[in-house]
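Below, each chain spelled out in residue letters.
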Amino acid sequence: MESVTISLCMIVRNEEEVLGRCLSSVTDFIDEIIIVDTGSTDRTKEVARKYTDKIFDFEWVDDFSKARNFSFSKATKDYIMWLDADDIVPEESRLQILELKRSQILAHNMECIMMDYQYRFDAQGILISTLLRERIIKRKCNFKWIGLVHEILDVSGKAFITNIKIKHLKKKTHSDQYIKIFEKAVEQGKKLSLRDKLHYGNECFKHKQYQKAVDLYEEISNEKSLNHNQRIYAYLKLADCHIQYNEFDHAIANCLKTFELDPPRGEACCKLGHIYALNQQIHKAIGWYKTASHIDIPVNSAYIKTPCYTWLPHVHLCTCYMSLGLYAEAKQHNDIASKYIPDSSYVKDNERLLMELASHPVIKPLSKG
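Described below are features of the structure shown in this document.

Here is what the cut-offs are and how they apply
Residues numbered from 1 in each chain as written. Predicted model: local features only at pLDDT ≥ 70, side-chain atom pairs only at ≥ 80, totals over all residues. Heavy atoms only, no water. Helix = DSSP H or I, 4+ residues; strand = E, 2+ residues; numbered from the N terminus. Rg over C-alpha atoms; globule rule 2.2 N^0.38 Å. Buried < 20%, exposed > 50% of the residue type's maximum accessible area, 1.4 Å probe, protein only. Areas by Shrake-Rupley, 256 points an atom, 1.4 Å probe, with all protein chains shown as cover. Lys, Arg positive; Asp, Glu negative; His and termini not counted. Charge placed at Lys NZ, Arg CZ, Asp CG, Glu CD. Phe/Tyr/Trp six-rings, centres within 6.5 Å; stacked < 30°, edge-to-face > 60°. Lys NZ or Arg CZ within 6 Å of the ring centre and 35° of its normal. Salt bridge = Lys/Arg side-chain N within 4 Å of Asp/Glu carboxyl O.

1. Overview of the overall build of the protein chain
So, point 1. On a plain count of helices and strands, the protein chain comes out with 14 helices and 11 strands.
So, point 2. For a compact globule of 369 residues, the expected C-alpha radius of gyration is about 21 Å, and the protein chain comes in at 23 Å, within 12% of that figure.
So, point 3. Based on the C-alpha atoms only, the size of the protein chain along its principal axes is roughly 70 × 50 × 40 Å.
So, point 4. Across the 369 residues that make up the protein chain, the buried fraction comes to 51%.
So, point 5. For the protein chain, the computed accessible surface area is about 18,300 Å², with 51% contributed by carbon and sulfur atoms.
So, point 6. With 51 positive and 50 negative side-chain charges, the protein chain shows a separation of 1 Å between the mean positions of the two kinds.

Below, the structure is given as structure tokens:
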């Protein structure tokens with residue numbers, strides 16, 4: 001069977017440190033590389049020329065979607081893939097994409113191929129959040145990007161959901177670039193989509209503009225046209241804002257509202273555990289963390305904080321049980337967490353504290369097994 005061809009389309013700016021790492025991870029399955037530069041002042045173009053001669057300039061207009069759509073307009077192959085400069089395609093994923101090229105995409109004539117975006121890692125390299133993203137699309141479908149910031153592809157038709165993983169290894173922050181784009185758009189009287197408002201709220205929260213974030217999240221959460229995943233996300237962000245103001249009853253209420261939209265999720269249960277722990281209501285915190293520990297990762301959610309379904313409830317259960325002097329129970333949950341993140345300081349710090357407590361003359365020593 002004849003293999004389909006794929007164009008990689010990227011927008012970049014001052015990415016000399018990471019661009020080569022990204023492009024070297026795609027050379028065995030990509031047939032064309034399109035690089036759109038939005039104003040680099042470093043060696044980004046020089047790095048890009050080692051991999052492609054299809055490099056285009058785009059005048060920056062404070063709109064990521066416009067730059068993305070321009071990059072897609074330059075593609076010539078059957079399918080288009082997008083990446084950010086600080087993304088990489090792991091080896092296993094490269095093999096899976098090669099297999100897609102040889103068989104499944106062509107055989108099923110898919111318009112869109114979805115992949116897991118591992119976009120947040122902590123300082124220890126432990127995965128924090130994943131997002132299901134539209135990663136490869138059929139060029140002739142002419143799908144467009146939408147959104148000023150944190151843009152997405154507006155896709156339709158046949159979608160193929162895969163377990164292929166793309167890693168986002170962030171090297172730099174955008175500081176206040178994103179919030180300035182939103183503020184400028186508002187000042188100019190531009191109408192923000194609900195999705196733009198969601199991300200504007202995130203930027204306000206990041207910059208500690210909590211009341212503005214609350215206003216935006218409340219507007220979003222009351223919009224019935226949004227899908228339940230987006231509304232759940234908005235409720236949980238509202239809870240985060242109320243936690244900042246020590247308005248714990250409001251935070252709890254927003255977490256519980258998510259249960260009206262879908263079965264309890266690990267993110268909401270862990271947040272409820274956190275709220276009760278902050279209030280020294282340890283038994284209630286334990287109840288919610290235990291609930292989280294028994295929930296499977298949802299298959300229908302675009303927003304997933306993986307730790308809430310794996311190690312995070314057990315790390316906090318360990319801490320809660322230690323605060324109650326129940327050291328055997330604490331160790332049991334720390335041992336479970338260690339199966340997910342064996343070399344993490346979260347586990348090792350708890351283990352160290354448990355051993356110190358176990359060495360106390362009035363406490364029975366704990367076994368390492």
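2. What about the packing of aromatic side chains?
So, point 1. Using the criterion set out here, one finds 12 aromatic pairs in the structure.
So, point 2. Centroid distance F72 to W145: 5.8 Å. Interplanar angle 70°. Geometry classified as edge-to-face. Taken as a pair, F72 in helix 3 (residues 64-73) and W145 in strand 8 (residues 144-146) lie far apart in primary sequence, 73 residues in all. One exposure class covers both F72 and W145, and it is buried.
So, point 3. Taken together, a centroid distance of 6.4 Å and an interplanar angle of 35° make the contact between Y117 and Y119 tilted.
So, point 4. Owing to a relative accessible area of 5%, Y117 belongs among the buried residues under this scheme.
So, point 5. We classify Y119 as partly exposed; its relative accessible area is 28%.
So, point 6. Over the face of the ring belonging to W145 we find R68, whose NZ or CZ atom lies 5.1 Å from the ring centre.
So, point 7. Lying over the aromatic face of F205, K237 brings its terminal NZ or CZ to 4.6 Å of the ring centre.

3. Examining unusual backbone geometry
So, point 1. Positive phi is not limited to glycine here, since D62 has a value of about 55°.
So, point 2. Residue position: D62 is located in the loop between strand 3 (55-57) and helix 3.

4. Details of the pattern of salt bridges
So, point 1. Within this structure, the stated rule accounts for 18 salt bridges.
So, point 2. Between E203 and K206 there is a salt bridge; the shortest N-O distance is 3.3 Å. Here E203 pairs with K206, and both are found in helix 6 (residues 194-206), just three residues apart, close to one helical turn.
So, point 3. Overall, E203 belongs to the buried group, its relative accessible area being 2%.
So, point 4. One salt bridge in this structure joins D349 and R352, with 2.9 Å as the shortest N-O distance. With D349 and R352 both in helix 14 (residues 345-358) and three residues apart, this pair spans about one turn of that helix.

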